[in-house]
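Architecture at a glance
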Amino acid sequence: MVRRTATAASPGISASNDGIRRVLESSMRRLDGVRLRGARSYGAHDIDARDFGEWFKLAKNVRDPDQARNYLYYGFQPLYDSLIAGTFRDGRRQFAVRSLEGIIDASRVYLTGYYMGQPDIGLLREGMRRIEPDIGRLGKETRYRTKFRNIDNNRIYPDSILSFLRQFLEHAIDGKIKTPDYVIGCACGASEIAMPLAGLLDTGVGFLRRSKRRSDTKVHVVQEQRPAIQQKVQGKDVVCIEDYVCTSISLGKVMEMTSSYNASSVLGASVAFSSEGTYVRNIVNRPEFKLFVMGDRR
């Protein structure tokens with residue numbers, strides 16, 4: 001296990017198993033005191049933006065903790081999808097990549113605090129200020145396109161994610177699963193689950209996309225992020241996070257790609273599971289907490 005250093009959102013994790021266990025138990029105690037049943041739900045229809053500049057003005061001035069979750073997602077998703085689509089071909093791509101990485105960093109910090117019962121709008125605004133120079137260079141001609149997400153809309157709400165996080169930590173503390181060295185999120189919908197999990201574990205987080213809604217036939221990754229993801233996955237225990245597993249093909253393909261990066265072990269996890277597919281094998285099926293290993297249909 002590599003040594004993990006402290007961040008603003010989560011304490012450092014010692015290289016020793018005892019140290020890791022103590023931090024996990026501390027995080028669990030903080031999660032146990034949180035109640036999110038009254039969290040407000042938002043969606044793409046709550047964001048009146050036609051370009052990334054307009055999105056940024058809204059995001060940097062947000063006050064409502066739940067609206068902040070929504071703004072962060074609808075910065076990450078349109079930008080990630082635009083980079084996969086190759087939208088930025090006129091020298092602006094470098095600014096788009098840096099903006100995406102800044103949104104991921106800001107989201108990881110904010111969402112970790114949110115799910116630990118301490119949503120810090122000040123930290124979010126600080127993160128937004130860091131990306132302002134780059135996001136401002138994307139131009140108004142770049143279309144801002146949002147997609148429906150399951151979280152806040154399709155039976156997955158903050159209280160569901162909180163339950164997932166608690167159960168994940170419980171399994172890690174009890175030694176039922178290996179404590180991950182790295183988290184892969186299935187882009188884009190699972191980002192609000194993968195980011196706080198990475199924060200609670202004090203690990204890095206990367207994203208791969210195989211989306212049925214986007215008619216993906218293969219796994220996509222932002223090309224500039226691929227080398228770092230490969231390096232961080234190699235020889236490590238990795239968990240791949242999905243929000244809602246239906247046919248299981250998307251999660252299975254992401255797990256397969258992660259394994260091809262020479263991960264030591266690959267586990268899949270999701271909040272919801274409809275039991276329609278057999279591409280991955282379900283090994284834990286508890287309310288709001290599902291675990292998977294790769295199946296035989298690859």
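Residues numbered from 1 in each chain as written. Predicted model: local features only at pLDDT ≥ 70, side-chain atom pairs only at ≥ 80, totals over all residues. Heavy atoms only, no water.

So, the overall build of the protein
Helix and strand counts for the protein stand at 9 helices and 6 strands. Computed over the C-alpha atoms, the radius of gyration of the protein is 18 Å, within 12% of the 19 Å expected from 2.2 N^0.38 for a compact globule of 298 residues. The C-alpha extent of the protein, read off along each of the three principal axes, is 50 × 40 × 35 Å. Considering the protein as a whole, with its 298 residues, one finds that 58% of them fall into the buried category. Across the protein, the fraction of contacts at a sequence separation of at least 24, relative to all contacts at a separation of at least 6, is 73%. Carbon and sulfur atoms make up 44% of the accessible area of the protein, which amounts to about 13100 Å² in all. Across the protein, 47 positive and 34 negative side-chain charges occur, with their mean positions spaced 2 Å apart. (Helix = DSSP H or I, 4+ residues; strand = E, 2+ residues; numbered from the N terminus. Rg over C-alpha atoms; globule rule 2.2 N^0.38 Å. Buried < 20%, exposed > 50% of the residue type's maximum accessible area, 1.4 Å probe, protein only. Contact = heavy atoms within 4.5 Å. Areas by Shrake-Rupley, 256 points an atom, 1.4 Å probe, with all protein chains shown as cover. Lys, Arg positive; Asp, Glu negative; His and termini not counted. Charge placed at Lys NZ, Arg CZ, Asp CG, Glu CD.)

As for the side chain of Gln77
When you line up the elements, Gln77 lands in helix 3 (residues 65-85). In contact with Gln77, other than residues within four places in its own chain, are Arg145, Thr146, Lys147, Cys188 and Arg214.

A few points about the pattern of salt bridges
Throughout the structure, instances matching the rule amount to 22 salt bridges. With a shortest N-O distance of 3.6 Å, Asp202 and Arg108 are connected by a salt bridge. Here Arg108 lies in helix 4 (residues 93-115) and Asp202 lies in the loop between helix 7 (191-201) and strand 2 (204-208), a separation of 94 residues in the sequence. Each of the two residues, Asp202 as well as Arg108, counts as buried. One connected set of salt bridges, linked through shared partners, spans Asp66, Arg69, Arg149, Asp152 and Glu192. (Salt bridge = Lys/Arg side-chain N within 4 Å of Asp/Glu carboxyl O.)

Overview of the environment of Arg40
Examined against the element boundaries, Arg40 turns out to sit in the loop between helix 1 (17-32) and helix 2 (52-60). Take Arg40: its relative accessible area is 48%, and that puts it in the partly exposed class. Through-space distance from the C-alpha of Arg40 to that of Asp66 is 5.9 Å; in sequence the pair is 26 residues apart. Once residues within four sequence positions are removed from consideration, Arg40 is found in contact with Asp64, Asp66, Arg69 and Asp152.

A few points about the sheet that holds strand 4 (residues 265-273)
One open sheet holds the 6 strands; their spatial order is 2-1-3-4-6-5, and the pairing between them is mixed. Here the strands that pair on one side only, and so sit at the sheet edges, are strand 2 and strand 5 (280-286). With strand direction ignored, the average angle separating the axes of adjacent strands in the sheet is 25°. Bridge count between strand 5 and strand 6 (residues 289-294): 6 bridges; the pairing is antiparallel. The residue bridging Val284 from the neighbouring strand is Leu291, located in strand 6. Helix-sheet contacts for helix 8 (residues 226-233) involve strand 1 (182-186), strand 2 and strand 3 (237-245), and the interaxial angle to strand 1 is about 135°. (Pairing = 2+ DSSP bridges. Axes fitted to C-alpha atoms, helices over the stretch in contact; angles between N-to-C directions.)

Quick word on unusual backbone geometry
In this structure, Cys188 follows Ala187 across a cis peptide bond, with omega equal to 5°. Mapped onto the fold, Cys188 is located in the loop between strand 1 and helix 7. One non-glycine residue, Arg155, lies in positive phi territory at about 65°. With respect to the element layout, Arg155 can be found in the loop between helix 5 (121-135) and helix 6 (158-173). Overall, Arg155 belongs to the exposed group, its relative accessible area being 61%. Positive phi outside glycine occurs at Ser215, with the angle close to 60°. Structurally, Ser215 is set in the loop between strand 2 and helix 8. Judged by relative accessible area, which is 62%, Ser215 ranks as exposed.

Here's the deal with the pairing of strand 3
Look at any regular strand and the pattern is simple: side chains alternate between the two faces of the sheet. Within strand 3, 9 of the 9 residues are buried, leaving the element largely enclosed by the surrounding structure. Handedness of the crossover joining strand 3 and strand 4 through helix 9 (residues 249-260) is recorded here as right-handed. (Right-handed = clockwise from strand over helix to strand, strands pointing away.)

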